[in-house]
Amino acid sequence: MSTERREPERAEQPALDAYSQVVTGVAARVLPSVAALAVRGPRGAGAGSAVTFTDDGFLLTSAHVVQDASGGLATFADGAEARFDVVGADPLSDLAVLRVRATTAPPAELGDADPLRIGQLVVAVGNPMGLAGSVTAGVVSGLGRSLPARDGRVVRLIEDVIQTDAALNPGNSGGALADAAGRVVGINTAVAGYGLGLAVPINSTTRQIIGDLVNSGRVRRAWLGVAGVPVPLPPAVAERTGQQRGLRVVEVVPDSPAGIAGIYLGDVIISAGGRPVANGQSLQRLMLGPAIGSRLPMTLLRRGAFVDVVAVPTELVR
């Protein structure tokens with residue numbers, strides 16, 4: 001009987017070893033780049049994690065971790081401490097950039113969340129409350145989730161949020177979500193419920209946001225003045241365009257860029273700037289600084305016919 005028990009153990013051992021090797025390898029690569037944050041602002045003391053991503057002291061964290069604060073203390077995995085300043089925070093993406101005055105922490109490699117797949121192994125790395133690093137592993141359990149975010153009276157959805165079952169603890173917000181190669185593909189942002197964590201993805205959109213925060217301390221956003229709901233496209237249109245859904249316009253603000261361009265209630269937005277528009281997030285993705293004052297070609301479906309218009313988004317004033 002004892003022999004029968006050992007056989008499955010031997011069979012599982014190589015798989016367990018491979019899994020452990022990946023997780024320990026990611027931890028060894030990412031942990032030195034992760035800091036614990038102690039923050040004090042008008043709302044009192046707070047804590048979180050941050051990820052070093054340049055060799056000259058820039059760190060990435062969650063905007064809500066440093067809300068209303070101008071600085072604080074960062075403690076790294078090797079015990080080194082450094083004061084940090086908040087370079088800029090963007091509540092509408094829940095991302096913030098910090099800079100420490102002195103650090104020897106190596107920068108983590110920022111990856112790309114777009115190729116992630118359901119079931120893929122990910123590792124959450126944080127430094128909650130200075131506990132010498134926290135590492136949990138799990139899988140991507142959902143993609144394309146949305147997380148509401150507010151900045152004053154402006155509310156938008158953080159798009160393409162990564163859902164994972166890697167356990168997140170208080171203080172892990174702002175830490176890294178890494179792939180099996182140790183590349184940071186997300187910034188852990190919230191605990192949505194038991195056994196459920198969320199992370200803001202690192203992709204072309206968030207890289208633009210991070211760049212704006214580093215360069216100017218703020219993120220400029222464009223405004224179109226249109227709201228819509230996703231709808232399935234007619235089969236003939238879907239076959240012609242290669243997409244299954246569009247965005248039906250349910251509101252156009254008078255004298256807005258959308259109204260001036262000739263977009264009407266009931267139109268279905270098929271594409272904008274040459275990119276498919278399947279939902280509101282697809283359109284929001286385009287509404288960053290470079291779109292302000294630029295021509296934005298759009299293709300609409302109106303009473304079964306394709307219509308081309310050009311909108312010129314203006315700057316969003318909060």
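Above this text sits the structure in question.
Everything quoted here is computed from the prediction, not taken from an experiment.

Novice: Got a minute to help me understand the overall build of the protein in this structure?
Specialist: The secondary structure content of the protein amounts to five helices and 20 strands. In the protein, which comprises 318 residues, the share counted as buried stands at 47%. For the protein, the share of sequence-separated contacts (at least 6 apart) that also reach a separation of at least 24 residues comes to 60%. Looking at the protein as shown, the accessible area adds up to about 15,300 Å², and 53% of this sits on carbon and sulfur atoms.

Novice: It is not clear to me how the sheet that holds strand 3 (residues 58-61) should be interpreted in this structure. Could you clarify?
Specialist: Paired through their backbone hydrogen bonds, the strands of a sheet run either parallel or antiparallel. Taken in spatial order, the six strands of this closed barrel run 1-2-3-6-5-4, and their pairing is antiparallel. Each adjacent strand pair in this sheet contributes to an overall mean axis angle of 40°, direction not counted. Here strand 1 (residues 34-41) runs beside strand 2 (residues 44-52); their pairing, made up of eight bridges, is antiparallel. Opposite Ala35, over in strand 2, you have Ala50 as the bridge partner.

Novice: When you look at the side chain of Asn188 in this model, what are you seeing that I'm missing?
Specialist: Structurally, Asn188 can be placed in strand 11 (residues 184-193). Accessibility expressed as a relative area gives 1% for Asn188, which makes it buried. If near-sequence neighbours (up to four positions away) are discounted, Asn188 is found in contact with Ser62, Ala124, Val125, Leu168, Asn172, Ser173, Gly174, Gly175, Ala176, Leu177, Leu198 and Ala199.

Novice: What should I look at first to understand unusual backbone geometry in this one?
Specialist: Excluding glycine, residues mostly carry a negative phi; peptide bonds, for their part, are mostly trans. With phi around 55°, Asp94 is a residue other than glycine that occupies positive phi space. Within the fold, Asp94 resides in the loop between strand 5 (81-90) and strand 6 (95-100). Although it is not a glycine, Asp255 adopts a positive phi angle of roughly 65°. Considering the arrangement of structural elements, one finds Asp255 in the loop between strand 15 (245-252) and helix 4 (257-261).

Novice: In this structure, what is going on with the pairing of strand 1? I would like to understand it.
Specialist: Between the end of strand 1 and the start of strand 2, which pair antiparallel, lie two residues. When strand 1 meets strand 4 (residues 71-76), the two strands line up antiparallel, connected through five bridges. By the bridge assignment, Ala38 is partnered in strand 4 with Leu73.

Novice: How should I be thinking about the side chain of Thr52 in this particular structure?
Specialist: You can see Thr52 is positioned in strand 2. Once you skip the residues sitting within four places of it in the chain, Thr52 turns out to touch Ser33, Phe58, Leu59, Phe76, Ala105, Pro106, Pro107 and Ala108.

Novice: Before we go on, may I ask you to explain helix 2 (residues 204-216) in this structure?
Specialist: Residues spaced three or four apart along an α-helix face the same direction, because each turn holds 3.6 residues. Under the 1.5 Å per step criterion, the end-to-end length of helix 2 is 18 Å for 13 residues, consistent within 8% with the ideal 18 Å. Every buried residue of helix 2 is listed here: Thr205, Thr206, Ile209, Ile210, Asp212 and Leu213. One side of helix 2 holds all its buried residues, which, seen down the axis, span an arc of 160°. Helix 2 presents Ser204 and Asn215 as exposed residues on the side facing more than 90 degrees away from its buried surface. Capping the start of helix 2 is the job of one residue whose side-chain oxygen sits 3.1 Å from the backbone nitrogen of Thr205: Asn203.

Novice: How do you make sense of the pattern of salt bridges when you look at a structure like this?
Specialist: As a working rule, side chains carrying opposite charge can pair if their charged atoms are close by. According to the stated counting rule, one finds eight salt bridges in the structure shown. Of the charged contacts in the structure, one is a salt bridge between Glu315 and Arg220, with a shortest N-O distance of 3.1 Å. Placement of Glu315 in strand 20 (residues 314-315) and of Arg220 in the loop between helix 2 and strand 13 (222-223) is noted, with a sequence separation of 95 residues between them. Put simply, Asp267 and Arg302 hold a salt bridge, and the shortest N to O gap is 2.8 Å.

Novice: Whenever I open this one, the pairing of strand 6 confuses me. Can you help?
Specialist: Remark: a regular strand shows side chains that alternate across the two faces of the sheet. The element strand 6 is extensively covered by neighbouring structure, given that five of its six residues are classed as buried. Of the strand pairs in this sheet, strand 3 and strand 6 are connected by four bridges, and their pairing is antiparallel. Opposite Phe58, over in strand 6, you have Arg99 as the bridge partner. Across six bridges, strand 5 lies against strand 6 in antiparallel orientation. Paired with Val86 across the strands is Leu98, a residue of strand 6. The antiparallel hairpin formed by strand 5 and strand 6 contains four residues in its connecting segment, where Asp94 sits at a positive phi of about 55°.

Novice: Help me understand the environment of Val219, please; the structure alone is not making it clear to me.
Specialist: The topology assignment puts Val219 in the loop between helix 2 and strand 13. Residue classification places Val219 among the buried residues on the basis of a relative accessible area of 5%. When the C-alpha positions of Val219 and Ile209 are compared, they lie 6.2 Å apart, and in sequence the two are 10 residues distant.

Parameters at a glance
Residues numbered from 1 in each chain as written. Predicted model: local features only at pLDDT ≥ 70, side-chain atom pairs only at ≥ 80, totals over all residues. Heavy atoms only, no water. Helix = DSSP H or I, 4+ residues; strand = E, 2+ residues; numbered from the N terminus. Buried < 20%, exposed > 50% of the residue type's maximum accessible area, 1.4 Å probe, protein only. Contact = heavy atoms within 4.5 Å. Areas by Shrake-Rupley, 256 points an atom, 1.4 Å probe, with all protein chains shown as cover. Pairing = 2+ DSSP bridges. Axes fitted to C-alpha atoms, helices over the stretch in contact; angles between N-to-C directions. Expected span 1.5 Å × (residues − 1). Arc of directions from axis to C-beta. Polar contact = N/O pair within 3.5 Å; in protein donor to acceptor, adjacent residues only side chain to side chain. Salt bridge = Lys/Arg side-chain N within 4 Å of Asp/Glu carboxyl O.

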